[in-house]
Amino acid sequence: MHVQDWLETVPAVSIYALVGLVIGLESLGIPLPGEIILVSAALLSSQHSGINPVILGACASLGAIVGDSIGYAIGRKGGRPLLAWLGAKFPKHFSEGHVATAERSFQKWGMWAVFFGRFIALLRIFAGPLAGVLRMPYWKFLTANVLGGVIWAGGTTAVIYYVGVVAESWLKRFSWLGLVAALLIGLASMLIVRRKAKKATAERAATEAEPVAAPAAE
């Protein structure tokens, strides 16, 4: 059975729950394809009258907000040892370079790093835990978290849904193009972040390698 056909047999409530759960876990700090799941579900809602795009967007937003909030609480309690543990478990996502890049973004932009981090695939998993580790005031985190979660999840759902409605007959044949576009956007974001991470790692290594000047003799 084709994946699209199989998805159409799944109850709508299961789609809502799956989207909210995957996005929530990704926002909590677990590397999962939340954006791809959301794009797939939004595209399906444009072709399946039983899936309400408003409810879908609301579930995605709720998952993003709750997941980020749990990640914040875990990061605030675990501190930097948590980042070290995550680096050992997920070296591709929580390497020293990636953490250094994310940390510099937080130090430079503050709460806006949480907001804009929602739109970048790799940074999405850092926002909650790192904001907690850096002890960002919760009201600032919550404001950026809610705004970013609603605009990202709701906006993505709306855009993909209306594109699907306008081009329904075309997308029924080539629905995979929506997934390819999401993958390319996510890959581009990841490559940019990795490049910055490598640069941050090289700069840190160069700084640590600089000899310490000897104190002047009196």
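Up top you'll find the structure we're talking about.
Rules behind the numbers
- For every chain, the first residue of the written sequence is number 1, and numbering continues from 1 along that sequence.
- Where local features are concerned, this predicted model is filtered to residues with pLDDT of at least 70; where side-chain atom pairs are given and counted, the filter is 80 or more; whole-chain, interface and lining totals use all residues.
- Side-chain descriptors were evaluated using all non-hydrogen atoms of the structure, hydrogens and water having been removed beforehand.
- By salt bridge we mean one thing: a side-chain nitrogen of Lys or Arg within 4 Å of a carboxyl oxygen of Asp or Glu.
- Secondary structure elements are defined from DSSP: runs of H or I of at least 4 residues count as helices, runs of E of at least 2 residues count as strands, and each element is numbered from the N terminus.
- Only protein chains enter the area calculation, which uses a 1.4 Å probe; residues under 20% of their type maximum are buried, those over 50% are exposed, and those in between are partly exposed.
- Side-chain atoms alone can form a polar contact between residues adjacent in sequence; in general such a contact is a pair of N or O atoms within 3.5 Å, and within protein one must be able to donate a hydrogen while the other accepts it.
- Should any heavy atoms of two residues lie within 4.5 Å, those residues are considered in contact.
- In this text, buried Ala, Val, Leu, Ile, Met, Phe, Trp, Tyr and Cys residues form a nonpolar core when linked through side-chain atoms within 4.5 Å.
- Exposure above 30% relative accessible area and the lack of any salt bridge qualify a residue for a patch; like charges then connect within 9 Å, and the nonpolar side chains Val, Leu, Ile, Met, Phe, Trp and Tyr within 5 Å.
- Using a 1.4 Å probe, the Shrake-Rupley method yields the accessible areas, and only the shown protein chains count as cover for residues.

Q: How would you sum up the pattern of salt bridges? Please name residues and give values.
A: Counting across every chain of the model gives one salt bridge. Among the ionic pairs, aspartate 68 bridges to arginine 118, the shortest N-O distance being 3.0 Å. One end of the pair, aspartate 68, is in helix 4 (residues 53-89); the other, arginine 118, is in the loop between helix 6 (111-117) and helix 7 (127-133), with 50 residues separating them in the sequence. Each member of the pair aspartate 68 and arginine 118 is classed as buried.

Q: Which residues make up the side chain of serine 61, and what are the values?
A: Of note, serine 61 is situated in helix 4. Given the relative accessible area of 8%, serine 61 is considered buried. Polar contacts involving the side chain of serine 61 include one to the main-chain carbonyl oxygen of glycine 57, which spans 2.8 Å. Beyond its immediate sequence surroundings of up to four residues, serine 61 is in contact with Gly149, Val150, Ala153 and Gly154.

Q: Tell me what's going on with the nonpolar core, and back it up with residues and numbers.
A: Grouped together as the largest cluster of nonpolar side chains are 18 residues, with contacts concentrated most on Phe106, Val114, Ala131, Met136 and Phe141. Sorting the residues of this core by element identifies helix 4, helix 5 (96-109), helix 6, helix 7 and helix 8 (138-166) as the ones contributing at least two each. Setting aside its immediate chain neighbours within four residues, valine 114 contacts Asp68, Phe106, Ala127, Ala131, Met136, Phe141, Ala144 and Asn145. Of all hydrophobic cores here, the second largest spans 16 residues; its members include Ile23, Ala41, Ala42 and Leu44.

Q: I'd like to hear about the side chain of threonine 156, residue by residue, with values.
A: Mapping threonine 156 onto the fold places it in helix 8. Judged by its relative accessible area of 16%, threonine 156 falls in the buried class. Setting aside chain neighbours within four positions, we find threonine 156 in contact with Leu38, Val39 and Ile151.

Q: Account for a nonpolar patch on the surface, naming residues and giving values.
A: Together, Trp109, Trp112, Phe116, Phe119, Leu147 and Ile151 give the surface a local cluster of nonpolar side chains, amounting to about 640 Å² of exposed area. Listed by contribution, the elements that provide at least two residues to the nonpolar patch are helix 6 and helix 8. When you line up the elements, phenylalanine 119 lands in the loop between helix 6 and helix 7.

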